[in-house]
Number of protein chains: 2
Amino acid sequence: MVIATTPDPISNTFAALADPTRRAILARLAPGEASVTELAEPFKMTLPAVSKHLKVLGRAGLIARGREAQWRPCRLQAGPLKDADEWIERYRRHWEESFDRLDSYLQELR
Amino acid sequence: MVIATTPDPISNTFAALADPTRRAILARLAPGEASVTELAEPFKMTLPAVSKHLKVLGRAGLIARGREAQWRPCRLQAGPLKDADEWIERYRRHWEESFDRLDSYLQELR
DNA sequence: GGTATATTTTACCAACTGGTTAAATAAGAG
DNA sequence: CTCTTATTTAACCAGTTGGTAAAATATACC
């Protein structure tokens, strides 16, 4: 199974977050680690499909894998999320400003 | 040119951010609006390629297009970035905690 | 060794992506 | 109307993605 490796970590992070299944997996891992079968349970896709999603998350550094008997538990690694957050934060001013404009427009309407 | 439309706005946003060219375009738009040719200038790709990137950003709601004579100026729309930021923020505790663990480990090493 | 459970790998497929070139469209200027 | 400039569309291509089914691998248990 070929998984493309961008030499650009933040692109990998955003690409990994661009899929609802993968975001749900991260949400499931927030309270603590889980096995692949546990992670797959809520989805109506096959186990290999989930395994691929985990590989994408792993490549992005968003999860780490353990080894316990025949289980390969996953746990969240939030480091890349920090980088993504810092990238987005640079635009905070913009969405706050555009809210202000909408707000004062709504004021005018009264 | 077929541009896939996910019924999932935040997936579109993250997918749009997953490309370095598109992130650079957004950065260029932060100080103010720009024409397509101006946006294309720093890249060694053709104009239609940039036009496609702008379409992806438009679909994600990250830019709006104007009309001035034969120019179609782009300006940043940061709304979707706010949603992306809010999604990521839920994990802030996780990257701060993992920093704390690294920090106390480094303390121990001394 | 043989069996059961958990997970990954392989091979395959249709759809999407990111790029190209060439042609089409839009608007201003002479 | 013609020419120039700005931009998009169309057709195409190679590579990636997200899924599948079937086979392979890993570990525990008897």
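Draft legend 1. Summary view of helix H4 (residues 47–59) of chain A. Residue and element names in this part refer to chain A. Helix length check: H4, at 13 residues, gives a terminal C-alpha distance of 18 Å against a target of 18 Å (1.5 Å per residue), a fit within 8%. Inspection of H4 places Val50, His53, Leu54, Val56 and Leu57 among the buried residues, and these make up the whole buried set. Taken down its axis, H4 places every buried residue within 155° of arc, on the same side. Looking at the buried positions of H4, the neighbouring elements they touch are helix H1 (9–17), helix H2 (20–29), helix H3 (36–40), strand E1 (63–65) and strand E2 (74–76).

Draft legend 2. Highlighting the protein's contact with DNA strand D. By nearness alone, 25 residues border DNA strand D, and Lys52, His53 and Arg67 of chain A together with Thr37 and Lys55 of chain B come closest of all. Near-protein atoms of DNA strand D (within 4 Å) split between backbone and bases, with sugar and phosphate holding 78%. Here a base oxygen of DNA strand D sits 2.3 Å away from a polar atom, N or O, in the side chain of Lys52 of chain A. In the model, a phosphate oxygen of DNA strand D is placed 2.9 Å from a nitrogen or oxygen of the Arg65 of chain B side chain. Contributing elements (two or more residues each) for the surface near DNA strand D: H4 of chain A together with helix H3 (36–40) and helix H4 (47–59) of chain B.

Draft legend 3. Looking closely at the protein's contact with DNA strand C. Of all residues adjacent to DNA strand C, which total 25 residues, the nearest are Thr37 and Lys55 of chain A together with Thr46, Lys52 and His53 of chain B. What you see for DNA strand C is that sugar and phosphate hold 75% of its atoms within 4 Å of the protein. A distance of 2.8 Å separates a phosphate oxygen of DNA strand C from a polar atom in the side chain of Ser51 of chain A. Here His53 of chain B contributes a side-chain N or O atom positioned 2.3 Å from a phosphate oxygen of DNA strand C. Considering only residue class, the surface near DNA strand C consists of ten nonpolar, seven polar and eight charged.

The rules behind the values
- Residues numbered from 1 in each chain as written.
- Chains lettered and ligands numbered in written order.
- Predicted model: local features only at pLDDT ≥ 70, side-chain atom pairs only at ≥ 80, totals over all residues.
- Heavy atoms only, no water.
- Helix = DSSP H or I, 4+ residues; strand = E, 2+ residues; numbered from the N terminus.
- Expected span 1.5 Å × (residues − 1).
- Buried < 20%, exposed > 50% of the residue type's maximum accessible area, 1.4 Å probe, protein only.
- Arc of directions from axis to C-beta.
- Contact = heavy atoms within 4.5 Å.
- Near = heavy atom within 4 Å.
- Polar contact = N/O pair within 3.5 Å; in protein donor to acceptor, adjacent residues only side chain to side chain.
- Nonpolar A, V, L, I, M, F, W, Y, C, P; charged D, E, K, R; others polar.

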